[in-house]
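Fold and geometry: a report
Chain by chain, the residues:
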Amino acid sequence: MKFSQRLHEKLKPVWRQNHNHPFVKGMADGSLEPEKFRFYMVQDYLYLIQYAKVFALGAVKADDLETMGKFAALLDGTLNEEMALHRQYAARFGISEEELEAAKPSPITIAYTHYMLHAAQNGTLADVIAAVLPCAWSYWEIGKELHAIPGAADHELYGEWINMYASEEFGQMAQWCIDLLDQHTAGKSKAELDKLEEIFLNTTRFEYMFWDMAYNGEMWPGHA
Ligand SMILES: Cc1ncc(C[n+]2csc(CCO)c2C)c(N)n1
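Residues numbered from 1 in each chain as written. Predicted model: local features only at pLDDT ≥ 70, side-chain atom pairs only at ≥ 80, totals over all residues. Heavy atoms only, no water.

**Overview of the environment of Leu133**
Note that Leu133 resides in helix α8 (residues 125-147). Spatially, the C-alpha atoms of Leu133 and Gly77 are 16 Å apart, while their sequence positions differ by 56 residues. The residues touching Leu133, leaving out its near neighbours within four places in the chain, are Ser138, Ala174, Cys177, Ile178, Leu181 and Phe200. (Helix = DSSP H or I, 4+ residues; strand = E, 2+ residues; numbered from the N terminus. Contact = heavy atoms within 4.5 Å.)

**Here's the deal with the site of the ligand**
Close to the ligand lie 15 residues; Asp44, Glu82, Cys135, Phe170 and Glu207 are nearest. Separating an oxygen atom of the ligand from a side-chain N or O atom of Thr78 is a distance of 3.3 Å. Within the contact set of the ligand, a nitrogen atom lies 2.7 Å away from a side-chain nitrogen or oxygen of Glu207. Computed on the free molecule, the ligand has an accessible area of 440 Å², of which 97% lies beneath the protein chains in the complex. Of all elements in the fold, only α4 (34-61), α5 (65-91), α8, α10 (168-185) and α11 (190-216) reach the threshold of two or more residues within the shell around the ligand. The greatest single-element share of the shell around the ligand, amounting to 5 residues, is contributed by α4. For the shell around the ligand, the class distribution of residues is 11 nonpolar, 1 polar and 3 charged. (Near = heavy atom within 4 Å. Polar contact = N/O pair within 3.5 Å; in protein donor to acceptor, adjacent residues only side chain to side chain. Areas by Shrake-Rupley, 256 points an atom, 1.4 Å probe, with all protein chains shown as cover. Nonpolar A, V, L, I, M, F, W, Y, C, P; charged D, E, K, R; others polar.)

**Re the pattern of salt bridges**
For the structure on display, the rule yields 7 salt bridges. For Arg38, the salt bridge is made with Glu99, and the minimal N-O distance between the two is 3.1 Å. With Arg38 in helix α4 and Glu99 in helix α6 (residues 97-102), this pair connects stretches of sequence that are 61 residues apart. Given the relative accessible area of 30%, Glu99 is considered partly exposed. A salt bridge links Asp194 to Lys190; the nearest nitrogen and oxygen atoms lie 2.7 Å apart. Of this pair, Asp194 and Lys190 are both found in helix α11, 4 residues apart, which corresponds to roughly one turn of the helix. (Salt bridge = Lys/Arg side-chain N within 4 Å of Asp/Glu carboxyl O. Buried < 20%, exposed > 50% of the residue type's maximum accessible area, 1.4 Å probe, protein only.)

**What about the UniProt feature "active site" (unreviewed entry) in the protein chain?**
Cross-referencing UniProt, the feature "active site" (unreviewed entry) maps to Glu207 in the present numbering. Leaving out residues up to four positions away in the same chain, Glu207 has contacts with Asn18, Tyr47, Tyr112, Cys135, Ser138 and Tyr139. Within the structure, the side chain of Glu207 is placed 2.6 Å from the side chain of Tyr112, a separation counted as a polar contact. (UniProt positions renumbered as here; feature names shortened; annotations may be inferred.)

**Describing the nonpolar core**
In terms of nonpolar packing, the biggest core is built from 79 residues, with Met27, Phe37, Tyr40, Trp161 and Trp211 touching the most fellow members. The greatest single-element share of this core, amounting to 15 residues, is contributed by α8. When sequence neighbours within four positions are dropped, the list of residues in contact with Trp211 reads Asn18, His21, Phe23, Val24, Met27, Tyr40, Tyr139, Ile142 and Trp161. (Core = buried A, V, L, I, M, F, W, Y, C linked by side-chain atoms within 4.5 Å.)

**Things to note about the packing of aromatic side chains**
In this structure the tally under the stated criterion is 28 aromatic pairs. Their ring planes at 55 degrees and their centres at 5.0 Å tell us that Phe37 and Tyr158 sit as a pair that is tilted. Taken together, the residues span a long stretch of sequence, with Phe37 in helix α4 and Tyr158 in the loop between α8 and α9 (159-166) at a distance of 121 residues. Considered together, Phe37 and Tyr158 belong to a single accessibility category, that of buried residues. (Phe/Tyr/Trp six-rings, centres within 6.5 Å; stacked < 30°, edge-to-face > 60°.)

See the structure below:
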């Protein structure tokens, strides 16, 4: 079995927990309070800035032109397309560009992004992929799952989010990461695979914590 399939099988219960989080369920049936999504949008904008840097590290760690070019394209897409879409989407929730630029990351946003950057900076290309894959893969699965619910993709506030992550283009990106991980783990020792599994498990857990943070509007203790 491919390494990615093994990880997916093993972590199914953790993934189920992510997909069943009340934030995700609330987007599915449209009952999520806009205030919670608003908090999510701002933190996700800050998350994307750091995520882009992890893509940049992918280009640094890759040693063939094709993979370097692909990471460069993902970096460009995140910074110059996805973030612009985020700004437009945020505006519909009354979030101005000034508010986005002035926003401060929550403890979970800091912990998650710093963890990914640490794993990527100190590891190999396989570590970079293990760090970014749960984010792409779980969003693709959630996007497809929500898209299959009648009416969910037409919701005036959350439909756009669902359509974006259920899209063919997004799926292709996630599949490219899955294939790259399998390519770079073929023939690796158990110790190396265990390390990658741990990174993958930790970023999967951080995905849950990110939903939870958004659902509860969690900032620093005592934050006004
Ligand atoms: C907390 C959090 N986790 C995952 C994603 C999804 N995501 C962010 S960047 C990227 C790669 C394509 O640009 C993907 C899939 C998100 N937005 N926020």
